[in-house]
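Structure assessment
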Amino acid sequence: MGRHAPLIGSLIILAVMAGLSLWAWQVLPDDARLVVHWDMDGHPNGYASKAVALLIMPVLALISILIAAALSRSRSERMQAALHSTGFGAIWLAMLVLLAACHAMTIFVARGLPIRPDDVLPLIIGLFFAVTGNFMGKLPPSNFAGIRTPWTRASDYSWEKTHRLAGPLFVAAGLATLIARAVADGATAIHVLLAGLLAAALISSAASYFYWRNDPERAAGRT
């Protein structure tokens, strides 16, 4: 992935989100109350004004882009290596696509399209983790992304091994969610997702300690 590809991709995604908001602003009534949250059965349980609903996701995306841009000005070689790595760039863009997909869903539901969030969200989120898991093993050590346990932070060996283990676990959680949605309902798929993510997080955290304990550099320091 090119050095500037994540930034260019981020700006394109932000522009698409802004374009959707501009279109929706023109076609939705000024006093519209948009659904911005649903329960696990797909029932609306959170509403916001037109302005808040149309701005919140693009603003979150913009803030995250500005933070990344500020971090990119750091003179730390370690931070520069992390920011310009393939792993970070791919996961970063996937996160923004996830925000854009949720933003689009909110708008399309407000326009009366027959979209059931409990059908769509498990697919979006499951696909997100299936994709990002493929790139976790390419995340270099950093202070702002990845599995940051005390042991991965203390050992580059633990960091690398933990993320190479965690990647397939998160892919499995994402794929299991997609399969669950194909054979069951959305609520079941969300439960499968939460269980898979919890298992992946616990296994990765425990493994990071094991890898730290067996770090060759740490072992050499004890002799």
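What the rule picks out here adds up to five aromatic pairs. Ring geometry for Phe129 against Phe170: centres 6.1 Å apart, planes inclined by 20°, an arrangement best described as stacked. Remark: Phe170 occurs in helix H7 (residues 156-183) and Phe129 occurs in helix H5 (residues 117-133); sequence separation between them is 41 residues. We classify Phe129 as buried; its relative accessible area is 18%. Look at Tyr209 and Trp212: their rings are 5.7 Å apart centre to centre, the planes differ by 35°, and that puts the pair in the tilted class. Placement of both Tyr209 and Trp212 in helix H8 (residues 186-213) is noted, with a separation of three residues, approximately one turn of the helix. Judged by relative accessible area, Tyr209 falls into the partly exposed class, the value being 37%. By way of ring pairs, the aromatic residues Phe128, Phe129 and Phe170 are connected into one cluster.

Moving on: the side chain of Ser208. Relative to the elements of secondary structure, Ser208 occurs in helix H8. Not counting residues within four places of it along the chain, the set of residues in contact with Ser208 comprises Thr149, Trp151, Thr152, Ser158 and Thr162.

With respect to the element layout, Thr152 can be found in helix H6 (residues 150-154). Overall, the relative accessible area of 1% leaves Thr152 in the buried class. A polar side-chain atom of Thr152 sits 2.7 Å from the main-chain carbonyl oxygen of Ile147. Excluding anything up to four places from it in sequence, Thr152 contacts Ile147, Ser158, Trp159, Thr162 and Ser208.

Let us look at the packing of helix H1 (residues 5-27) against helix H4 (residues 86-110). As a packed pair, H1 and H4 sit with axes 10 Å apart at the nearest point and diverge in direction by 5°. Here H4 runs roughly parallel to H1, going by the angle between their axes. Judged by residue contacts, Pro6, Gly9, Ser10, Ile13, Met17, Leu20, Ser21, Trp23 and Ala24 of H1 engage Gly89, Trp92, Leu93, Leu96, Val97, Leu99, Ala100, His103, Ala104, Ile107 and Phe108 from H4. Class assignment of the residues belonging to the contact of H1 with H4 gives a composition of 15 nonpolar, five polar and no charged.

Chain-level pLDDT for the protein is 83 on average; 89% of the residues reach the 70-or-more range. Here helix H9 (residues 216-222) is the element of the protein with the lowest mean pLDDT, 64, and H7 is the one with the highest, 91.

The subject of this paragraph is the pattern of salt bridges. Pairs may arise between side chains of opposite charge once their charged atoms sit close together. Under the counting rule described, the total for this entry stands at two salt bridges. Among the salt bridges present, the one from Lys50 reaches Asp30, with a minimum N-O distance of 3.2 Å. Remark: Asp30 occurs in the loop between H1 and strand S1 (33-38) and Lys50 occurs in helix H2 (residues 50-71); sequence separation between them is 20 residues. A salt bridge links Glu160 to Arg164; its shortest N-O distance comes to 3.3 Å. Remark: Arg164 and Glu160 occur in helix H7; sequence separation between them is four residues, near one turn of the helix.

Definitions and limits used
- Residues numbered from 1 in each chain as written.
- Predicted model: local features only at pLDDT ≥ 70, side-chain atom pairs only at ≥ 80, totals over all residues.
- Heavy atoms only, no water.
- Phe/Tyr/Trp six-rings, centres within 6.5 Å; stacked < 30°, edge-to-face > 60°.
- Helix = DSSP H or I, 4+ residues; strand = E, 2+ residues; numbered from the N terminus.
- Buried < 20%, exposed > 50% of the residue type's maximum accessible area, 1.4 Å probe, protein only.
- Contact = heavy atoms within 4.5 Å.
- Polar contact = N/O pair within 3.5 Å; in protein donor to acceptor, adjacent residues only side chain to side chain.
- Axes fitted to C-alpha atoms, helices over the stretch in contact; angles between N-to-C directions.
- Parallel < 35°, antiparallel > 145°, perpendicular 65-115°, else oblique.
- Nonpolar A, V, L, I, M, F, W, Y, C, P; charged D, E, K, R; others polar.
- pLDDT = per-residue confidence, 0-100.
- Salt bridge = Lys/Arg side-chain N within 4 Å of Asp/Glu carboxyl O.

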